[in-house]
Amino acid sequence: MGDRGSDTLTKLELQIMQVIWKLGPSNVNAVQAGLEQQLAYTTVQTMLNILQRKGKLKRKLKGRAYVYSAAVSEANASGNAVRDLIDRMFGGSSEDLVMALIQTRQIDPGKIVELTRRLEEGKHLDEKGSAR
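Residues numbered from 1 in each chain as written. Predicted model: local features only at pLDDT ≥ 70, side-chain atom pairs only at ≥ 80, totals over all residues. Heavy atoms only, no water.

In this section: the nonpolar core. Formed by 16 residues in total, the largest nonpolar core has its most connected members in Ile16, Val31, Leu48 and Leu57. Listed by contribution, the elements that provide at least two residues to this core are α2 (11–23), α3 (28–34) and α4 (41–53). If near-sequence neighbours (up to four positions away) are discounted, leucine 57 is found in contact with Met17, Ile20, Leu48, Leu51, Gln52, Tyr68, Ser69, Ala70 and Ala71. (Core = buried A, V, L, I, M, F, W, Y, C linked by side-chain atoms within 4.5 Å. Buried < 20%, exposed > 50% of the residue type's maximum accessible area, 1.4 Å probe, protein only. Helix = DSSP H or I, 4+ residues; strand = E, 2+ residues; numbered from the N terminus. Contact = heavy atoms within 4.5 Å.)

Moving on to the confidence of the model for the protein chain. Per-residue confidence for the protein chain gives a mean pLDDT of 88; residues scoring 70 or more make up 89%. Predicted confidence for residues 1–5 stays below pLDDT 50, and this span has 4 contacts to residues more than four positions away or in other chains. Scored below 50 in pLDDT, residues 128–132 makes 3 contacts in the model with residues more than four places away or belonging to other chains. (pLDDT = per-residue confidence, 0-100.)

The next thing to look at is the packing of helix α5 (residues 74–90) against helix α6 (residues 94–103). The contact between α5 and α6 brings their axes to 9 Å, and the two run at 85°. Overall, the two elements α5 and α6 adopt an arrangement that is roughly perpendicular. Across the interface between the two elements, Leu85, Ile86 and Phe90 of α5 pack against Ser94, Asp96, Leu97 and Ala100 of α6. (Axes fitted to C-alpha atoms, helices over the stretch in contact; angles between N-to-C directions. Parallel < 35°, antiparallel > 145°, perpendicular 65-115°, else oblique.)

This part covers the pairing of strand β2 (residues 65–70). Of the pairings in the sheet, the one linking strand β1 (residues 57–62) to β2 comprises 6 bridges and is antiparallel in character. What sits directly across from leucine 61, in β2, is tyrosine 66. Between β1 and β2, which pair antiparallel one after the other, the connecting turn spans 2 residues, and glycine 63 there sits at a positive phi close to 70°. (Pairing = 2+ DSSP bridges.)

The first and last C-alpha atoms of α4 sit 18 Å apart over 13 residues, in line with the 18 Å expected at 1.5 Å per residue. Among all positions in α4, only Val44, Met47, Leu48, Asn49 and Leu51 are buried. Looking at the buried residues of α4, the elements they touch are α2, α3, β1 and β2. After α4 finishes, the residue glycine 55 shows a positive phi value of roughly 85°. (Expected span 1.5 Å × (residues − 1).)

Below, the structure written as structure tokens:
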């Protein structure tokens, strides 16, 4: 199994990845313009290079500038972040995460019932081979 640390994105890395996921293949200028906070060109370039080295982005030279594209999906990155949270904060127990969400009123028990129903309906559709 790979190193969890390299799977998890920092806050800034996630913001940059979100720009790439939204815009598609982009150069440094496009990513810089797509970020909510203003960052220096060199900072964005450095972060893109770090993400490329981590395997989160691919890059291609187009003219004199690199164009960066996502090497991982948003769903994959989200799954890695959730798994990291569960491992670090809840000893690997997803049940403890759900209990914490309920106990801190981040989600109410009725919503859990609704989500369970939706999940079961989704499983039923998947078993029949239908798209969700």
